[in-house]
Amino acid sequence: MKCVRCKKKAVIVLRRHNAAFCADCFLHYYKNQVLKNIRKNRMFEKGEKVLAVVSGGKDSMALWDILVKEGYNVVAMYINLGIGEYSNRSQEVVEKFAKENNLPLIVKDIKKEFGLDIYKLSKTLRRSPCSVCGSIKRYLFNKVAYDGGFSAVATGHNLDDEAATLFGNVLSWEEGYLARQGPVLPQTHPKLIKKVKPLYTLTERENMYYVLLNKIEFLHEECPHSVGARSILYKELLNKLEEESPGTKQRFLSGFLKKGKKHFQDVREKLELKECKNCGQVTTTEECSFCRFVKICNQQ
Ligand code: SF4
Ligand code: ZN
C-alpha cells in the first residue's frame, strides 16, 4: 500500500480516515492534528505556560514530545503515587527523558512530601485506590499549575479514552459529566486552572506509532489498578465496533461534541465552590479532601 500523501511505501494504515502514510507523512499528519486541536479549541497560545501531566506511558510521552517540538512553553509534571515498582519504573522513564533532552520537569512524591498512602486511605475511607489517587492527582496538578502561574494543564487523553468515557457516561446518563466532557474544561473559578486534551482526536495506536517512530522510551506496563476497570471493557466493546465499522469512535465523540453536548448545558453543578480553610484550594466543603487525606495518613 502507498502513502496517500507522497506515494512512498506506507507503514501505517488509518482505516477511519481511509488513508495510509509513510513514516514522515504520518508524523506530519500527527503534528497537524495536535496543532489543529490546540488552535480550534483555543487550548493555549505559544507563549503561555502549559503544565503537561506525564506518567511515563506512551500517550503522555507523545504529548510532552510534540509540545516541546512545536515550541510551546511546556513544563512536565510527574507524581509518584507510591504504587510499588510501577511508580518507580515510571518515574525513571520520565526523569531519563527530561535529562536526555534537557527539559524542565516537576516531580512530586506523595509519600515523601505529604506522607500520603493511597492504600491506607483506600482502606480507611472505603474508597477504591483509583478514586483516592484521582483526587490526589487532580489536586496536585491544579495546585502546582495555579501556584506556578500556568495557563493550562494538558493531559494525554486520546480518542479511545474519550470515546470510552463518553460511552460510560451515556450508559448511566451522567448528565453532569456529559455537560463537562470535552477537549477543554474551562476555568470556572480563578483558582481552577483550565484542563486541556490536545490528543483527543488521536488513537492509542497513533500515539504508539508516534513514540516508536521518534524512538521515545515509554513504560509499556499499565498501572496494576487499571486491570479490570470498567473503562477497559468499554474500550474493548468500542474496538469491536471500530473493527466492523472504522470511524465509529470518532463519529461517536465528534457527533456528541457537535450535536449532543449542548443538550446538557443547562445541567449546572449546584455545588457551591469554596476555598479550603487550610490550603486555600477550591473545594465544596470546609476542608478539601487532600488536606483530610494528609491528616488521616499522618495520624498515629
Ligand atoms: Fe491511579 Fe487508578 Fe490510574 Fe492507577 S489506574 S494511576 S491507581 S487512577
Ligand atoms: Zn486543603
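All values derive from a computational prediction rather than experimental measurement. (Residues numbered from 1 in each chain as written. Chains lettered and ligands numbered in written order. Predicted model: local features only at pLDDT ≥ 70, side-chain atom pairs only at ≥ 80, totals over all residues. Heavy atoms only, no water.)

### Observations concerning the coordination of the zinc ion (ligand 2)
Thinking step 1. Every protein donor of the zinc ion (ligand 2) is accounted for by C276 (SG), C279 (SG), C288 (SG) and C291 (SG), and the metal-donor separations fall at 2.2 to 2.4 Å.
Thinking step 2. Site description for the zinc ion (ligand 2): donor spacing in sequence, C-x2-C-x8-C-x2-C. (Donors = N, O, S within 2.8 Å, 3.2 Å for Na, K, Ca; no water.)

### Some thoughts on the site of ligand 1
Thinking step 1. In the neighbourhood of ligand 1, the contacting residues comprise I83, C130, C133, K137, C223, H225 and S226.
Thinking step 2. The residue makeup of the shell around ligand 1, split by class, is four nonpolar, two polar and one charged. (Near = heavy atom within 4 Å. Nonpolar A, V, L, I, M, F, W, Y, C, P; charged D, E, K, R; others polar.)

### A word on the UniProt feature "domain: tRNA(Ile)-lysidine/2-thiocytidine synthase N-terminal" (unreviewed entry) in the protein
Thinking step 1. Here the UniProt-annotated "domain: tRNA(Ile)-lysidine/2-thiocytidine synthase N-terminal" (unreviewed entry) positions come out as residues 50-221.
Thinking step 2. Helix makes up 53% of residues 50-221 and strand makes up 15%, while its end C-alpha atoms are separated by 27 Å. (UniProt positions renumbered as here; feature names shortened; annotations may be inferred. Helix = DSSP H or I, 4+ residues; strand = E, 2+ residues; numbered from the N terminus.)

### Let's talk about the packing of aromatic side chains
Thinking step 1. Throughout the structure, instances matching the rule amount to twelve aromatic pairs.
Thinking step 2. Taken together through their ring pairs, the aromatic side chains of F21, F26, Y29, Y30, Y209 and Y210 make up a single cluster. (Phe/Tyr/Trp six-rings, centres within 6.5 Å; stacked < 30°, edge-to-face > 60°.)

### Some points on unusual backbone geometry
Thinking step 1. Despite not being glycine, K7 has its phi angle at roughly 75°, a positive value.
Thinking step 2. Mapped onto the elements, K7 comes out in the segment before strand 1 (12-14).
Thinking step 3. Under the relative-accessibility criterion, K7 is labelled exposed at 53%.
Thinking step 4. Its identity as a non-glycine residue notwithstanding, N18 has a phi of 55°, on the positive side.
Thinking step 5. Relative to the elements of secondary structure, N18 occurs in the loop between strand 1 and strand 2 (19-21). (Buried < 20%, exposed > 50% of the residue type's maximum accessible area, 1.4 Å probe, protein only.)

### Thoughts on a positive patch on the surface
Thinking step 1. Together, K36, K40, K258, K259 and K262 line one region of the surface with positive charge.
Thinking step 2. Secondary structure elements with two or more residues in the positive patch: helix 1 (23-40) and helix 11 (248-260).
Thinking step 3. Its place among the elements puts K262 in the loop between helix 11 and strand 9 (274-275).
Thinking step 4. On the accessibility criterion, K262 (54% relative accessible area) is exposed. (Patch = residues over 30% accessible without salt bridge, like charges linked within 9 Å, V, L, I, M, F, W, Y side chains within 5 Å. Areas by Shrake-Rupley, 256 points an atom, 1.4 Å probe, with all protein chains shown as cover. Salt bridge = Lys/Arg side-chain N within 4 Å of Asp/Glu carboxyl O. Lys, Arg positive; Asp, Glu negative; His and termini not counted. Charge placed at Lys NZ, Arg CZ, Asp CG, Glu CD.)

### Notes on the pattern of salt bridges
Thinking step 1. By the definition in use, this model includes 19 salt bridges.
Thinking step 2. Two residues, K274 and E286, come together in a salt bridge whose shortest N-O distance is 3.6 Å. Placement of the pair is K274 in strand 9 and E286 in the loop between strand 10 (282-283) and helix 12 (289-298), with a sequence separation of twelve residues.
Thinking step 3. Relative accessible area serves as the criterion here: at 52%, E286 is assigned to the exposed category.
Thinking step 4. One connected set of salt bridges, linked through shared partners, spans E85, R89 and E221.

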